[in-house]
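Commentary on secondary and tertiary structure
Letter by letter, the chains look like this.
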Amino acid sequence: MGVLNVTPDSFSDGGHHVDLHDAVARAIGLAEEGAVIIDVGGESTRPGARPVPAEEELRRVIPVVERLRPLTQAFISVDTSKPEVMRAASAAGADLINDVRALREPGALEAAAASGCAVCLMHMQGEPRTMQQSPRYTDVVGEVREFLKERVQACLAAGMTAERIVLDPGFGFGKTLEHNLQLLSHLREVSVEGLPLLAGLSRKSTVGMLTGRPPQGRLAGSVAAALIAAMNGARILRVHDVAATADALKVLQAVECHGPPRL
Ligand code: 8Y4
């Protein structure tokens, strides 16, 4: 899964709006690099980020989905927590709703269920504005799994089928370095009902803290983290650097296909 940010702070023409042609061209580029899913996001979920009104998110995201849809066979994911955006994205041809709030906003569960889209349910402790202030768990792996289990039950109760659901521990979302490392090393235990896992570590502060590098210098650390996630059971990797991650996965897949050595 390649990341396509359509927020003016991360992707702009130098003014205050996102350039549609540039965003679509970048999405096509991610697909050419090997992304099977393009994750279009118009809401900044970085620590400390302010909420974005629905009209603004719709303006940023929906035109990109509409223009991109006929140009690629890649799955289109929309990173949103808002029911209005879920409905419009689905109507514009999106395949997946990637919700960092796991469909907990009023109306989101119903909108996602009615959309027919797949959903990614992510764990987050707190809200983006304050989530990194004092993350606390007694058993981070168990608590994240219990949260995801409850959200899966809510989705099934809303009429979704299990094959539409992907789970995500939410690296960096209300977690310390220690919490993130525990989740990465015990990733398989986070899943419930054998549902596929998505992992997003690309350029995040976990990689920054381990390497001492700023976001632009985190390529090698991010590829390593993605590969470890894949080896620990992640089926989808949300990354900025698709080509480099795809190469690393080719190496892993070759080893996995080869199987254990026969002595
Ligand atoms: C530098 C670059 C530093 C990016 C931080 C970041 C996830 C996600 C995000 C994730 C799922 C981010 C929307 C945070 N992370 N969705 N979204 N899983 N499913 N931060 O881990 O990339 S945004």
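Up top you'll find the structure we're talking about.
My aim in this report is to walk through the structure given alongside it, one point at a time. The model shown is predicted, which means the values in this text are computed figures rather than measured ones.

With respect to the packing of helix 8 (residues 219-231) against helix 9 (residues 242-258)
How two helices sit against one another is set out by the angle between their axes and by the gap between those axes. Closest axis-to-axis distance for the helix 8/helix 9 pair is 10 Å, and the angle between their directions is 40°. Relative to helix 9, the element helix 8 is oriented oblique. Judged by the twist between their axes, the crossing of helix 8 over helix 9 is right-handed. Contact residues: Leu219, Val223, Ala226, Leu227, Ala230 and Met231 in helix 8; Ala244, Thr245, Ala248, Leu249 and Leu252 in helix 9. When its residues are assigned to classes, the contact of helix 8 with helix 9 shows ten nonpolar, one polar and no charged.

Observations concerning empty space enclosed by the protein
Per the stated rule, a full pass over the model turns up one cavity of 30 Å³ or more. If you add up the space inside the largest cavity, you get close to 30 Å³. What lines the largest cavity is Ala199, Leu201, Ser202, Ser222, Ala226, Leu237, Arg238 and Val239. Class assignment of the residues belonging to the lining of the largest cavity gives a composition of five nonpolar, two polar and one charged.

Side note on the nonpolar core
The biggest cluster of nonpolar side chains holds 66 residues, and the ones touching the most others in it are Ile38, Leu103, Leu121 and Leu167. Broken down by element, the residue count for this core peaks at eight residues, all from helix 5 (residues 140-157). When sequence neighbours within four positions are dropped, the list of residues in contact with Ile38 reads Gly2, Leu4, Ala27, Leu30, Ala31, Leu68, Ala74, Phe75, Ile76 and Ser77. Ile37, Leu96, Val166 and Leu198 belong to the second largest nonpolar core, which has seven residues in total.

Topic: the site of the ligand
Within the structure, the ligand sits among 15 residues, and Asp79, Asn98, Asp168, Lys204 and Arg238 are positioned closest to it. Interatomic distance of 2.7 Å between a side-chain N/O atom of Asn98 and a nitrogen atom of the ligand. A distance of 2.6 Å separates a nitrogen atom of the ligand from a polar side-chain atom of Asp168. Expressed as a share of its isolated accessible area of 530 Å², the protein-covered part of the ligand is 90%. In a pocket analysis with a 2 Å cut-off to the grid points, the ligand is assigned to the largest pocket. Taken together, the residues of the shell around the ligand sort by class into five nonpolar, four polar and six charged.

Considering helix 4 (residues 108-115)
Most of helix 4 sits inside the fold, with six of its eight residues counted as buried. Looking at helix 4, one finds that the buried residues are Ala108, Leu109, Ala111, Ala112, Ala113 and Ser115. Taken from the residues just after helix 4, Gly116 is the one with a positive phi, measuring 80°.

A closer look at the side chain of Ser222
With respect to the element layout, Ser222 can be found in helix 8. Residue Ser222 is classed as buried on the basis of its relative accessible area, which comes to 7%. Look past the residues within four positions of Ser222 in its chain and what remains in contact with it is Leu201, Ser202, Arg203 and Val207.

Things to note about the layout of surface pockets
Roughly 900 Å³ of volume is contained in the largest pocket. Taken together, 35 residues form the lining of the largest pocket, with Asn5, Arg46, Ser202, Arg238 and His240 sitting closest to its centre. Where the lining of the largest pocket is concerned, the elements lending two or more residues are strand 1 (2-5) and helix 1 (20-33). Of the residues belonging to the lining of the largest pocket, the class tally is eleven nonpolar, 13 polar and eleven charged.

Some details on the pairing of strand 5 (residues 118-122)
Within strand 5, four of the five residues are buried, which leaves the element mostly enclosed by the surrounding structure. With helix 5 bridging strand 5 and its parallel neighbour strand 6 (residues 165-168), the resulting β-α-β unit is right-handed.

Some thoughts on the state of the cysteines
Applying the stated rule across the entire model yields zero disulfides. For the unlinked cysteine Cys155, the closest cysteine sulfur is that of Cys120, found at 11 Å. Of the residues examined, Cys155 reaches a relative accessible area of 0% and is grouped as buried.

Basis of the calculations
Residues numbered from 1 in each chain as written. Predicted model: local features only at pLDDT ≥ 70, side-chain atom pairs only at ≥ 80, totals over all residues. Heavy atoms only, no water. Axes fitted to C-alpha atoms, helices over the stretch in contact; angles between N-to-C directions. Helix = DSSP H or I, 4+ residues; strand = E, 2+ residues; numbered from the N terminus. Parallel < 35°, antiparallel > 145°, perpendicular 65-115°, else oblique. Left-handed = near helix turned anticlockwise from the far one by under 90°. Contact = heavy atoms within 4.5 Å. Nonpolar A, V, L, I, M, F, W, Y, C, P; charged D, E, K, R; others polar. 1 Å grid on protein atoms, 1.4 Å probe; cavity = no way out; pocket = protein on both sides within 12 Å on 5 of 7 lines; lining within 4 Å. Points joined across faces, edges and corners; volume = space filled by probe spheres on them. Core = buried A, V, L, I, M, F, W, Y, C linked by side-chain atoms within 4.5 Å. Buried < 20%, exposed > 50% of the residue type's maximum accessible area, 1.4 Å probe, protein only. Near = heavy atom within 4 Å. Polar contact = N/O pair within 3.5 Å; in protein donor to acceptor, adjacent residues only side chain to side chain. Areas by Shrake-Rupley, 256 points an atom, 1.4 Å probe, with all protein chains shown as cover. Sits in = over half its atoms within 2 Å of the grid points. Right-handed = clockwise from strand over helix to strand, strands pointing away. Disulfide = S-S within 2.5 Å.

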